[in-house]
Amino acid sequence: MIPHLHVVCYRWGTRYVAEDVNRLAASVARHLSVPHTMHCVTDDPAGLAAGIRPHALPEEGVDGIWRKLGTFRRDFLGLEGEYVVSFDLDVVVVGSLDFLTGRPEVDFWVARNWARGPSAAQASGSVYRLKVG
């Protein structure tokens, strides 16, 4: 079992507000029984609840959802060797997240894409866990 998780979300622009980050953090806290640290990679940390660690949104020459690729950097947030779970801000947590602490030998997990049809991607970037580095 992984004894500590780092939970991260990304927020930039005006589609989502700090309250969306705060709501996700509260939901994770209700449904994750192991110690965790909440991080938000953002262009505007104003309004984030106490306990959420803000990080400046890096300028890496990519826009939109591709900004989340930064999670795969070897030195992401200085957390090399740690486990990170990334959630999109439109994810609604309705049950235990403790399964995310299992199987530490697996370096990468990704949610199955619920979309139907032959052209649908097999994985969804809305939730994934990785070991940094």
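Scope of this entry: the structure provided in the associated data block. Predicted model, so just to flag it, every value in this text is computed and none were measured.

### Looking at the packing of aromatic side chains
In step 1: One pass over the full model with this rule turns up four aromatic pairs.
In step 2: With 6.4 Å between their ring centres and 40 degrees between their planes, Phe108 and Tyr128 make a pair best called tilted. One end of the pair, Phe108, is in strand E5 (residues 108-112); the other, Tyr128, is in strand E6 (residues 123-131), and 20 residues separate them in sequence.
In step 3: Site record: aromatic cluster; members linked through ring pairs are Phe72, Phe108 and Tyr128.
In step 4: Over the face of the ring belonging to Trp12 we find Arg67, whose NZ or CZ atom lies 5.3 Å from the ring centre.
In step 5: Looking at Arg129, its charged tip hangs above the ring of Trp109, at a distance of 4.1 Å from the centre.

### Digging into the state of the cysteines
In step 1: Summed over all chains, the structure comprises zero disulfides.
In step 2: Note on Cys9: no disulfide assigned, nearest cysteine sulfur contributed by Cys40 at a separation of 3.9 Å.
In step 3: Its relative accessible area of 0% is what places Cys40 among the buried residues.

### Notes on the sheet that holds E6
In step 1: Pairing is mixed in the open sheet, where six strands are placed in the order E3-E2-E1-E4-E6-E5. One side of each edge strand has no neighbouring strand; the edge strands of this open sheet are strand E3 (52-56) and E5. When strand polarity is set aside, the average angle formed by the axes of neighbouring strands in this sheet is 25 degrees.
In step 2: With three bridges connecting them, strand E1 (residues 5-11) and strand E4 (residues 83-87) associate as parallel partners. If you follow His6 over to E4, its bridge partner there is Val84.

### Re unusual backbone geometry
In step 1: The phi dihedral of Leu77 falls on the positive side, at around 55 degrees, and the residue is not glycine.
In step 2: By secondary structure assignment, the location of Leu77 is in the loop between E3 and E4.
In step 3: Overall, the relative accessible area of 23% leaves Leu77 in the partly exposed class.
In step 4: The phi angle at Arg103 is positive, at roughly 50 degrees, despite the residue not being glycine.

### Brief notes about a nonpolar patch on the surface
In step 1: On the surface, a cluster of nonpolar side chains totalling about 640 Å² of accessible area is made up of Ile65, Trp66, Leu69, Phe72, Phe108 and Val110.
In step 2: Tracing the backbone through its elements, the reader meets Val110 in strand E5.
In step 3: Judged by its relative accessible area of 37%, Val110 is partly exposed.

### Quick word on the environment of Asp75
In step 1: Summarising the element assignment, Asp75 is placed in the loop between E3 and E4.
In step 2: The class of Asp75 is partly exposed, set by a relative accessible area of 48%.
In step 3: Considered as a pair, Asp75 and Lys131 are 56 residues apart in the sequence and their alpha carbons are 11 Å apart.

### Focus: the pattern of salt bridges
Oppositely charged side chains can pair when the atoms bearing their charge come close.
In step 1: Taken as a whole and assessed by the stated rule, the structure comprises five salt bridges.
In step 2: Among the salt bridges present, the one from Arg103 reaches Glu105, with a minimum N-O distance of 3.2 Å. Glu105 matches Arg103 in its accessibility class, with the two residues each being exposed.

Cut-offs and rules
Each chain has its residues counted from 1, following the order in which its sequence is written. Owing to the predicted nature of the model, reporting of local features is limited to residues with pLDDT of at least 70; listing and counting of side-chain atom pairs is limited to 80 or more, with chain, interface and lining totals taken over all residues. Only hydrogens and water are set aside when side-chain values are computed; all heavy atoms of the structure are taken into account. Two rings belonging to Phe, Tyr or Trp (six-membered ring only in the last case) form a pair when the distance between their centres is within 6.5 Å. Interplanar angles under 30 degrees mark stacking, angles over 60 mark edge-to-face geometry, and anything in between is tilted. Here a strand is any run of E in DSSP of at least two residues, a helix any run of H or I of at least four, and the numbering for each starts at the N terminus. In this analysis the charged atom, NZ for Lys or CZ for Arg, is taken to sit over a ring once it is within 6 Å of the ring centre and within 35 degrees of the ring normal. When the sulfur atoms of two cysteines come within 2.5 Å, that pair is taken as a disulfide. Burial status follows relative accessibility: with a 1.4 Å probe on protein chains alone, a residue under 20% of its type maximum counts as buried, one over 50% as exposed, and anything between as partly exposed. Two strands pair under a simple rule: DSSP has to find at least two bridges between them. Note on geometry: axes are C-alpha line fits, over the in-contact stretch for helices, and angles between N-to-C directions span 0 to 180 degrees. Patch rule: a residue counts if its relative accessible area is over 30% and it has no salt bridge; like charges are joined within 9 Å, and nonpolar side chains (Val, Leu, Ile, Met, Phe, Trp, Tyr) within 5 Å. Note on areas: Shrake-Rupley with a 1.4 Å probe; residue coverage comes only from the protein chains shown. Salt bridges, as used here, are contacts in which a Lys or Arg side-chain nitrogen is within 4 Å of a carboxyl oxygen on Asp or Glu.

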